[in-house]
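Each chain is listed here by its residues.
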Amino acid sequence: MSSLALRDAIYVRALLLANKFRVIRTLDIAAYCFPERPFKAALTAAQRAVRGLVKGQLLRRYRTDRFQTVYGLTQRGVDWLAEHGHDAASSIRRVSDMTNPEHRLWAQFLVICAWSRDLDACTEAELMQRLNAAAKPGTKAASATTQGYITVDVHRANGTVRKHLRPDAVAYDDKRGGVAWFEVDRSKRGSDRQADLAALISAIGSKTADGKVLRRVVVMCKTDRIERDAIRIIEQAAASSNDQVLIEGRRHIKRYDDGVYEVLSAVPLKRGDGRTVLRDELVGHVIVQMLPTWLPKVRIDASNVWSMDGWFNDNYLPYKRPPVLGRWAAPTSPLWPATDEGDGAGTG
């Protein structure tokens, strides 16, 4: 692949990503265009691409109230995509009004990381669009639109309520129809959201609104305090459920590793003599880990003080895969089918 062809391939992917999510970071381009590379090389290539896109006025740079650098798609970027056979719409007006899109950015980053692992994934907004794609205004389907992705019984001090829950993002990471549910926790959960998380954990192994099975709940935490709080909620749910007698459907939560919990369910097993016994069977996992908030802060020069850990080669994104499932396979380049080391790498 020539340098010019490779540059255009990178530009197309980066601009299409900006069109889809409306606002992106350099980190998103690194994960979407260069997931097979070590983080330093991926970030360097992404920075080079962004400089070219901004210089060509295809992307416009903004600073949020929290001092994050983000980018929106310009009309010139839309026209450039049109010349390359893609429809798009400018997003700079929308991005200019954003004050703190941090939660949105992390949710979509997890989706991008799932794509880089060859998984189907989407954010909450796209998921609800998928679930209600057939609903048209004025029809019976519209009156019965899906309100949540899973329905649970939430136990609170004043009783139990039936509630529809939605994820911040989902990834379909099991060929048998398993779902990984992502929660992006940027702040400490109040009592209601704590009860929601406990109910969600108890629903692992149940079917979601689209008929798939919830296999993993992944809680991504911004701070150590939020991480400790999430683990406390899981430990409390474990203590409550593990004391229950062995009845069909009962959940048993067992700590497997730091931040990783196995969820087992009592399922009936018919024996050869005709009797039925209950046996604990692994139905999924709860995984608690830190959002890699240090990665956007990395500088590719001697001034860098931030860790580069937590990239794809560390089995960390989009979540730490439990050993029982095997490590994630290494991502491949989305830019060309086979990469000879050093063949045009980093051109942007």
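The structure we're discussing is the one just above.
What you see is a predicted model; the values in this text were computed from it and never measured.

Quick notes on the rules
- Residues numbered from 1 in each chain as written.
- Predicted model: local features only at pLDDT ≥ 70, side-chain atom pairs only at ≥ 80, totals over all residues.
- Heavy atoms only, no water.
- Helix = DSSP H or I, 4+ residues; strand = E, 2+ residues; numbered from the N terminus.
- Buried < 20%, exposed > 50% of the residue type's maximum accessible area, 1.4 Å probe, protein only.
- Contact = heavy atoms within 4.5 Å.
- Areas by Shrake-Rupley, 256 points an atom, 1.4 Å probe, with all protein chains shown as cover.
- Salt bridge = Lys/Arg side-chain N within 4 Å of Asp/Glu carboxyl O.
- Expected span 1.5 Å × (residues − 1).
- Axes fitted to C-alpha atoms, helices over the stretch in contact; angles between N-to-C directions.
- Parallel < 35°, antiparallel > 145°, perpendicular 65-115°, else oblique.
- Left-handed = near helix turned anticlockwise from the far one by under 90°.
- Nonpolar A, V, L, I, M, F, W, Y, C, P; charged D, E, K, R; others polar.
- Lys, Arg positive; Asp, Glu negative; His and termini not counted.
- Polar contact = N/O pair within 3.5 Å; in protein donor to acceptor, adjacent residues only side chain to side chain.
- Patch = residues over 30% accessible without salt bridge, like charges linked within 9 Å, V, L, I, M, F, W, Y side chains within 5 Å.
- Pairing = 2+ DSSP bridges.

1. Here we look at the overall build of the protein chain
What the protein chain contains, in helices and strands, is ten helices and eleven strands. Sorting the 348 residues of the protein chain into buried and exposed places 48% on the buried side. Within the protein chain, counting contacts between residues at least 6 apart in sequence, those at least 24 apart form 58% of the total. Accessible surface for the protein chain amounts to roughly 17200 Å². Of this, 48% is attributable to carbon and sulfur atoms.

2. Quick word on unusual backbone geometry
Note that the residue after Leu 317, namely Pro 318, is joined by a cis bond; omega there is -5°. Despite not being glycine, Phe 67 shows a phi value in the positive range, around 65°. Its place among the elements puts Phe 67 in the loop between β1 (59-63) and β2 (69-73). Looking at Phe 67, the relative accessible area reads 65%, which means it is exposed.

3. Considering the pattern of salt bridges
Note on pairing: side chains with opposite charge can pair once their charged atoms come close. Following the criterion strictly, the structure yields 18 salt bridges and no others. Between Arg 37 and Glu 36 there is a salt bridge, with its nearest N and O atoms 3.4 Å apart. Look at Arg 37 and you get buried, because its relative accessible area is 10%. A relative accessible area of 25% places Glu 36 in the partly exposed class. Each of the salt bridges in this network shares a partner with another, and the network as a whole consists of Lys 20, Asp 120, Glu 126 and Arg 130.

4. Re helix α1 (residues 3-21)
If you check α1, its first and last C-alpha atoms are 27 Å apart, about what 19 residues at 1.5 Å a residue would give, namely 27 Å. Looking only at α1, the buried set comprises Leu 6, Asp 8, Ile 10, Tyr 11, Val 12, Ala 14, Leu 15, Leu 17, Ala 18, Asn 19 and Phe 21. In the stretch just after α1, Arg 22 is the one whose phi turns positive, near 75°.

5. Concerning the packing of α1 against helix α4 (residues 75-83)
Interhelical geometry of α1 versus α4 gives an angle of 125° and a closest axis separation of 11 Å. If you check the angle between α1 and α4, you find them oblique. Classified by chirality, the crossing of α4 by α1 is left-handed. Contacts from Asp 8, Tyr 11, Val 12, Leu 15 and Leu 16 of α1 reach α4 at Gly 77, Trp 80 and Leu 81. For the contact of α1 with α4, a count of residues per class yields six nonpolar, one polar and one charged.

6. Notes on helix α6 (residues 102-116)
Between its terminal C-alpha atoms α6 stretches 21 Å, which fits the 21 Å expected from 15 residues at 1.5 Å a residue. The element α6 is largely enclosed, with a buried count of twelve among its 15 residues. Listing the buried residues of α6 in full gives Glu 102, Leu 105, Trp 106, Ala 107, Gln 108, Phe 109, Leu 110, Val 111, Ile 112, Cys 113, Ala 114 and Ser 116.

7. Brief notes about the packing of α1 against α6
Where α1 contacts α6, the two axes come as close as 12 Å, and the packing angle between them is 130°. Relative to α6, the element α1 lies oblique. In the packing of α1 onto α6, the handedness of the crossing is right-handed. Contact residues: α1 offers Leu 17, Lys 20 and Phe 21, while α6 offers Arg 104, Gln 108, Val 111, Ile 112 and Trp 115. Along the lines of polarity and charge, the residues of the contact of α1 with α6 split into five nonpolar, one polar and two charged.

8. Focus on the side chain of Asp 28
Structurally, Asp 28 is set in helix α2 (residues 26-33). Comment: no salt bridge for buried Asp 28; closest opposite-charge side chain is Arg 25, at 4.1 Å. If near-sequence neighbours (up to four positions away) are discounted, Asp 28 is found in contact with Leu 17, Leu 105, Gln 108, Phe 109 and Ile 112.

9. A word on the side chain of Thr 74
Tracing the sequence through the fold places Thr 74 in the loop between β2 and α4. Look at Thr 74 and you get buried, because its relative accessible area is 5%. Within the structure, the side chain of Thr 74 is placed 3.0 Å from the backbone nitrogen of Gly 77, a separation counted as a polar contact. Setting aside residues no more than four positions away along its own chain, Thr 74 makes contact with Gln 57, Leu 58, Leu 59, Arg 60, Ser 90 and Ile 92.

10. Regarding a nonpolar patch on the surface
A cluster of nonpolar side chains, namely Tyr 256, Leu 282, Val 324 and Leu 325, defines an oily patch on the protein surface of about 310 Å² accessible area. Mapped onto the secondary structure, Tyr 256 falls in strand β9 (residues 251-257).

11. Focus: the environment of Asn 313
Within the fold, Asn 313 resides in the segment after β11 (276-290). Classification of Asn 313 as exposed rests on a relative accessible area of 53%.

12. Some details on the pairing of strand β6 (residues 169-174)
Most of β6 sits inside the fold, with six of its six residues counted as buried. Note: strand β3 (residues 120-123) against β6, four bridges, orientation antiparallel. Among the inter-strand pairings, Thr 123 is bridged to a residue of β6, identified as Ala 169. Across four bridges, the pairing between β6 and strand β7 (residues 178-185) is antiparallel. Of the residues in β7, the one forming a bridge with Ala 169 is Phe 182.

Function-wise, these values are silent; they only describe arrangement.
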